[in-house]
Amino acid sequence: MENNYISMKNINKSFGKVVANRNINLAVRRGEIHALLGENGSGKSTLMNMLSGVYTPDSGSIFIKGKEVQFAAPKDAIEAGIGMIYQHFKLIDVMTAKENIILGRKNSFLMNEKTLSDKIRDMSARFGLDIDPDKKVYNMSVGEKQTLEILKVLYRGAEILILDEPTAVLTPQETEKLFKIMRKMKEEGCAVIFITHKLNEVMEVADRITVLRKGETVMTVDKADTNPKHLTELMMGCPADLSIKRIETEKNNVAMEVRNLSAVNSEGIKVLKGMSFDIYSSEILGVAGIAGSGQKELCEAIAGLHPVKQGEIVFNGENLVGKSPAEIITKGVSLSFIPEDRLGMGLVASMDIVNNVVLKLYQKQKGIFIDRKPAEQKSVEIIERLSIQTPGIKHPVRMLSGGNIQKVLLGRELDSRPQVLITAYPVRGLDVNSCYTIYDLLNEEKRKGVAILYIGEDLDVLLELCDRIMVICAGEITGIVDARYTTKEQIGLMMTGTVNLMKEGEKSEHDNANNYTSH
Amino acid sequence: MEAVISFLHAAIVAGTPLLFATLGEIITERSGNLNLGVEGMMLMGAVIGFMVGLNTESTTLALLAAMIAGAGGALIFAFLTITLRANQVVSGLTLTIFGTGFADFVGQDLIGQIAPESLRLFFRPYTIPLLGDIPFIGPVLFRQDAFVYLGYAASILLGLYLYKTSTGMNLRAVGENPGAADAAGINVTLYKYLHTLLGGALCGLGGAYLSLVYVPALQEGVTAGRGWIAVALVIFAAWNPYKALFGAYLFGGLDIIGFRIQNLGIDVSQYFIDMLPYMVTITVLVVVSMRKSREKAGPKACGIPYFREER
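Residues numbered from 1 in each chain as written. Chains lettered and ligands numbered in written order. Predicted model: local features only at pLDDT ≥ 70, side-chain atom pairs only at ≥ 80, totals over all residues.

1. Points about the interface of chain A and chain B
(1) Moving on: Each partner contributes to the interface: chain A provides 23 residues, whereas chain B provides 23 residues.
(2) Moving on: Elements that contribute at least two residues to the side of chain A that touches chain B include exactly α2 (74–79) and α3 (97–102) of chain A.
(3) Moving on: In terms of residue count, the dominant contributor to the side of chain A that touches chain B is α2 of chain A (three residues).
(4) Moving on: Residue composition of the side of chain A that touches chain B, grouped by class: 15 nonpolar, three polar and five charged. (Contact = placed C-beta atoms within 7 Å. Helix = DSSP H or I, 4+ residues; strand = E, 2+ residues; numbered from the N terminus. Nonpolar A, V, L, I, M, F, W, Y, C, P; charged D, E, K, R; others polar.)

Here it is as structure tokens:
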């Protein structure tokens, strides 16, 4: 075992027929940041869930400090000093930071509120974590929630810190702060395992890197002995060109005009606050923002699914506000929204491709009975066009892989030949190759003159793919910038509302737009 | 004045079975289990409590038996929904049907019998010194039977348990987000089992109050739909044991208001009065559904079976 802090040997885990981990080996040392790199579905999270006691391995052994351990529940892993920060935070929304921290701990039966608060303040000061112990989780920003998760783990005396894609939801500034905390942990002698698929982050913080591919360990390398290109090859198993092309097009006419759009959610809170912007045909307008800044509501408002309180959406000289979703689709505005669980909106999971296509087409059909013939033809077309991997058009959508499900959804939307395409998180959870297929599809539509509103998560992709980027913060537009002349940091500042280009006068935005059209 | 005091006193008595059932369902739902078998568990408690009381003439044994009967019903539900992860709504409805049948079967020879003398004596109204002498409040609240006092104590204890103890906090976490609770090292299955059983025991007590004190005799279907009102009361009380106290007594008042109005010589149809609690229940549900506060919404994971390795 030498100086290996954690070592996992020949780990196997299957879910039904799907093999998630096959003979995986991993060794992590004390005082290092160890990156676990791999595409989506390569088995990173599964492996770490076994280390934190959520899953039980089918076979294989785990050693902590040279001693073999067997975790029956997360509790056992916590006791062994393992602290995991999950990708989807494990926090209780209606409770305060403090309550979340002491949850499940063996403290006195009756809680002493004051000493607890003090203890937490001490700890947050020591690690440079800024948190208000009495704030409720539902009032917290994503960054605060993550800080709380880290504090929670430290409070439990964790010496092994596992972070599952922690930067996916953070602004560049918050990411920097997180890296600082990670380095501090490392100095204190902790082992930090960092799961990611972002190469630049790996190169920035990691000491050693283990690459996984399709559920198997490819190899472990020292950062000094590798480079992003090499890592990509290890990840994908073949040399790959990882640049997204932004195709240049002529753009002149406004496809859709949004004026002063406001909306409230079911709790009566303002979620869209007077948004005004244009989408040009033949352009991809990216939308950047912290999760929950109004992206979903904006999409839904345009598609007619979310009530609009005020403002107008002008499309072909007509105001879409107040029109039914079906009317909006007929006019040529299409929405493909990929929620976190991928299937929640847009497709019916247990139906096959044909029926899912019928869902969008049948409105136009006459008669009582459904005629599936045209839909079957369309389904075959969609499968061929997007090279969807499926045993057949009659195969339930639920049984397809995530990437193929998303292709079905996008394919169906494109099939209606929209003039405006709203697409939210189309590459969420996809492997690298599928991502590029989707980018190519979007570019193709752009070339055809479609105006695309692209709501994305990865700032690097937004910068490379989009023509302009609109940044939103808490339902407000904080800037619309030309993607060619902006940086991640600038966008990050606008995402948190630190910089607000719109407040500095309407003029600058106008200039931007003008500059843009003249290009 | 006399009439008001007497009405409020009676409202509390009539609300006590509702209170126990509501508290039981609150504690069950807080663990993330929506158990619609309240009516069934109450009936099981009513019959078994009555039977043991009749045969042993012991108050303690009667109440204990009622609790075990209610918890036994809850155990069926818990095994189905927690261990086998069966649908909670269907399992709960089944439990109600089972409980009704069970009560009819076990109690068929006892129907119409009156609760034994010793128990009726034990549960006669008792004036608490000092408190009972406070004008107005005293006669309403503190000249009640021991079971009513047990109800006060149960609400307060459960309130303290939920909001002031670490176990109570863990329980709330289980009902809100079992995944997070599990990751925090809480034994989710154990919490769900214990609190579902405790909830069943409380429902059983609610049933026993009807057959041993309120009526006090065994009738067929002695609960008369009170279990369903309790399910609605849980929402009305926003899953809060203190508010359950007020909710239960309010509905207790509605239960008896008919007789009082008729006593005043006002002619109201008995059928209309019988509808009252249910009409108010519907109104309450409408009003409550418009409530927007996150804190007053129910446990988020209530009704969803938990499976750790689910992907």
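Anyway, onward from the coordinates.
2. Description of the domain arrangement of chain A
All names here are of chain A.
(1) Moving on: The domain architecture assigned to chain A consists of domain 1 (29–49 + 76–236) and domain 2 (255–350 + 418–518).
(2) Moving on: Computed from C-alpha atoms alone, the centre-to-centre distance between domain 1 and domain 2 is 31 Å.
(3) Moving on: Counting from both sides, the interface comprises eleven residues of domain 1 and, opposite them, 13 residues of domain 2.
(4) Moving on: Here the side of domain 1 that touches domain 2 is built from residues that sort into five nonpolar, five polar and one charged. (Domains from an automatic or database assignment.)

3. Regarding the nonpolar core
The nonpolar side chains of a soluble globular protein tend to be buried, and buried together.
(1) Moving on: One finds I162 and F194 of chain A together with L233 of chain B to be the most contacted residues of the largest nonpolar core, which totals 155 residues.
(2) Moving on: Per-element tally for this core: the top contributor is helix α10 (residues 188–214) of chain B, with 13 residues.
(3) Moving on: Contacts of I162 of chain A, omitting those with residues within four sequence positions, involve M48, L51, S52, I82, G83, M84, I85 and I193 of chain A.
(4) Moving on: Listed in part, the 62 residues of the second largest apolar core include I279, L285, L462 and L465 of chain A. (Core = buried A, V, L, I, M, F, W, Y, C linked by C-beta atoms within 7 Å. Buried ≥ 20, exposed ≤ 12 C-beta atoms within 10 Å, placed from the backbone.)

4. Some thoughts on the environment of P135 of chain B
Residue and element names in this part refer to chain B.
(1) Moving on: By the element assignment, P135 lies in the loop between β1 (126–127) and α6 (137–141).
(2) Moving on: C-beta crowding within 10 Å serves as the criterion here: with 8 such atoms nearby, P135 is assigned to the exposed category.
(3) Moving on: Considering only alpha carbons, one finds P135 and P277, 142 residues apart in sequence, at a separation of 30 Å.

5. Structural notes on the sheet that holds strand β19 (residues 468–473) of chain A
Residue and element names in this part refer to chain A.
(1) Moving on: Overall, mixed pairing links the six strands, which are arranged β16-β17-β18-β13-β19-β20 in an open sheet. One side of each edge strand has no neighbouring strand; the edge strands of this open sheet are β16 (333–337) and β20 (476–482). Taken pair by pair, the neighbouring strands of this sheet meet at an average axis angle of 15°, ignoring direction.
(2) Moving on: Here strand β17 (residues 420–424) pairs with strand β18 (residues 451–455) via five bridges, running parallel. Note that in β18 the partner of V420 across the bridge is A451.
(3) Moving on: Along the sheet, helix α14 (residues 432–447) contacts β13 (283–288), β17 and β18; its crossing angle with β18, the most-contacted strand, is approximately 150°.
(4) Moving on: On the sheet, helix α16 (residues 488–495) packs against β13, β19 and β20 and is oriented at approximately 30° with respect to β19. (Pairing = 2+ DSSP bridges. Axes fitted to C-alpha atoms, helices over the stretch in contact; angles between N-to-C directions.)

6. Focus on helix α4 (residues 113–126) of chain A
(1) Moving on: In this model, α4 of chain A (14 residues) spans 20 Å end to end at C-alpha, consistent with the 20 Å of a helix rising 1.5 Å per residue.
(2) Moving on: The positive-phi residue at the C-terminal boundary of α4 of chain A is G128 of chain A, with phi of around 70°. (Expected span 1.5 Å × (residues − 1).)

7. Quick notes on the confidence of the model for chain A
Residues and elements named next belong to chain A.
(1) Moving on: Of the residues in chain A, 92% have a pLDDT of 70 or more, and the chain-wide mean is 84.
(2) Moving on: When mean pLDDT is compared element by element in chain A, β19 scores highest at 94, while helix α17 (residues 506–518) scores lowest at 43.
(3) Moving on: Across residues 506–519, where pLDDT falls below 50, the model places eleven contacts with residues more than four positions away in sequence or in other chains. (pLDDT = per-residue confidence, 0-100.)

8. What about the sheet that holds strand β6 (residues 82–85) of chain A?
Residue and element names in this part refer to chain A.
(1) Moving on: Strands sit in the order β6-β7-β8-β3-β9-β10 across an open sheet of six strands; the sheet is mixed. Strand pairing shows two members of the sheet lacking a second neighbour, β6 and β10 (216–222), which therefore form its edges. With direction set aside, neighbouring strand axes in the sheet form an average angle of 20°.
(2) Moving on: For β6 and strand β7 (residues 160–164), the ladder comprises four bridges, and the chain directions are parallel. Note that in β7 the partner of M84 across the bridge is I162.
(3) Moving on: Across the face of the sheet, helix α6 (residues 172–187) comes into contact with β3 (33–37), β7 and β8 (191–196) while running at roughly 150° to β8.
(4) Moving on: Across the sheet, helix α8 (residues 228–236) touches β3, β9 (208–213) and β10, and the angle it forms with β9 is around 30°.

9. A short note on unusual backbone geometry
Excluding glycine, residues mostly have negative phi values, and the peptide bonds linking residues are mostly trans.
All names here are of chain B.
(1) Moving on: Residue P216 follows V215 across a cis peptide bond; omega there is -25°.
(2) Moving on: In this structure, E57 is a non-glycine residue whose phi angle is positive, near 55°.
(3) Moving on: Assignment of secondary structure puts E57 in the loop between α2 (38–56) and α3 (59–83).
(4) Moving on: Positive phi values are uncommon outside glycine, yet R85 reaches one of about 55°.
(5) Moving on: For R85, the position within the fold is in the loop between α3 and α4 (88–106).

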